[in-house]
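A closer look at the structure
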Amino acid sequence: MADKTQVGLSAVDTVPLHEKVYLELVRALMSGHFAPGQKLTSRKLAKELGTSDMPVRSAFMRLQALRALSPVPNGSVEVPVISAERFSQLTAVRTILEGSATEMATKRINGNNLRTIRRHCTDLTLAARKGDINDYLRKNHEFKFSIYRHCGNEQMIFLIETVWMQVGPFLRNLAMGFEDDLASILDIDYHEEVVAAIEAQDGDRARMAIVRDIDEGAAHILQQARFPKARG
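How each quantity is defined
- Residues numbered from 1 in each chain as written.
- Predicted model: local features only at pLDDT ≥ 70, side-chain atom pairs only at ≥ 80, totals over all residues.
- Heavy atoms only, no water.
- Helix = DSSP H or I, 4+ residues; strand = E, 2+ residues; numbered from the N terminus.
- Rg over C-alpha atoms; globule rule 2.2 N^0.38 Å.
- Buried < 20%, exposed > 50% of the residue type's maximum accessible area, 1.4 Å probe, protein only.
- Contact = heavy atoms within 4.5 Å.
- Areas by Shrake-Rupley, 256 points an atom, 1.4 Å probe, with all protein chains shown as cover.
- Lys, Arg positive; Asp, Glu negative; His and termini not counted.
- Charge placed at Lys NZ, Arg CZ, Asp CG, Glu CD.
- Core = buried A, V, L, I, M, F, W, Y, C linked by side-chain atoms within 4.5 Å.
- Pairing = 2+ DSSP bridges.
- Patch = residues over 30% accessible without salt bridge, like charges linked within 9 Å, V, L, I, M, F, W, Y side chains within 5 Å.
- Salt bridge = Lys/Arg side-chain N within 4 Å of Asp/Glu carboxyl O.

**Quick word on the overall build of the protein chain**
Regarding its fold elements, the protein chain presents nine helices and three strands. Each helix (α) and strand (β) of the protein chain, taken in turn from the N terminus, gives the series α-β-α-α-β-β-α-α-α-α-α-α. Compactness check: the protein chain gives a C-alpha radius of gyration of 19 Å against a globular reference of 17 Å for 232 residues, within 12% of the reference. For the protein chain, the residues scored as buried account for 47% of the 232 residues in total. Expressed as a percentage of contacts within the protein chain between residues at least 6 apart in sequence, the contacts between residues at least 24 apart total 73%. With an accessible surface of roughly 12,400 Å², the protein chain has 51% of that area assigned to carbon and sulfur atoms. Across the protein chain, 30 positive and 29 negative side-chain charges occur, with their mean positions spaced 6 Å apart.

**Some points on the nonpolar core**
Membership of the largest hydrophobic core comes to 68 residues, with the highest contact counts inside it found for L63, Y136 and M165. In this structure, L63 is in contact with Y22, L25, V26, L29, A68, L69 and M165, ignoring residues within four places of it in sequence.

**Re the side chain of D213**
Inspection of the secondary structure assignment puts D213 in helix α9 (residues 203-224). With a relative accessible area of 9%, D213 lands in the buried category. Among all residues touching D213, those that are not within four sequence positions of it are K144, I188, D189, Y190 and H191.

**Considerations on the sheet that holds strand β2 (residues 70-71)**
Within the open sheet, the three strands sit side by side as β1-β3-β2. Their pairing is antiparallel. Edge positions in the sheet fall to β1 (39-40) and β2, since each of these pairs with one other strand and no more. Here β1 pairs with strand β3 (residues 77-78) via two bridges, running antiparallel. Within the sheet, the bridge partner assigned to K39 lies in β3 and is E78.

**A word on a negative patch on the surface**
On the surface, a cluster of negative charge is made up of E179, D180, D181 and D187. Take D181: it is sitting in the loop between α7 (154-167) and α8 (191-199). When its relative accessible area of 40% is taken as the criterion, D181 is described as partly exposed.

In structure tokens form, the structure reads like this:
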């Protein structure tokens, strides 16, 4: 909701529509809303978002440049299906970037920020225990970025988001093997350890915990999911 001005009016939202559409698609990719190989059309997404085709097509072009979407012959786009090798390479990049961002953020997080991070941590645990993979992926994204955004380096955050747009759709495979008991995913989830390290202002321990969380989740996906051999 827009902030109120001193005379009681609502401030005008100056964010362009095409930027709002782009950010919404970025969020959807990073939180695993779209599946690998899923075809996306500007007409269908525009209808879902309540906009015209043009801002959606503009977002598609930007996301193709970032390798988050791939063009298909009929003019639509698809969520890329990457190889196991590329997924492993992206995971290695994640551990470097996200580990560093977590360590840097630990030194900058204050009491208000910490309360927000704790809330996201609790929400993530509850989503796993409810057995809702969609909610779990959303809460996983919210939790991690509630930490990374305090690293003090906007370029690092941009790079992390760019990688997440590519791996986000594959994070849905975290549910494989836990179909009857999604709460068991917490055995390879170390978000509570990350929070404990941040509370202790131990940047090195926080970095190691987030790296372990990324590595063990990726190892599970590589073991459970089917990856193409020739693409990526």
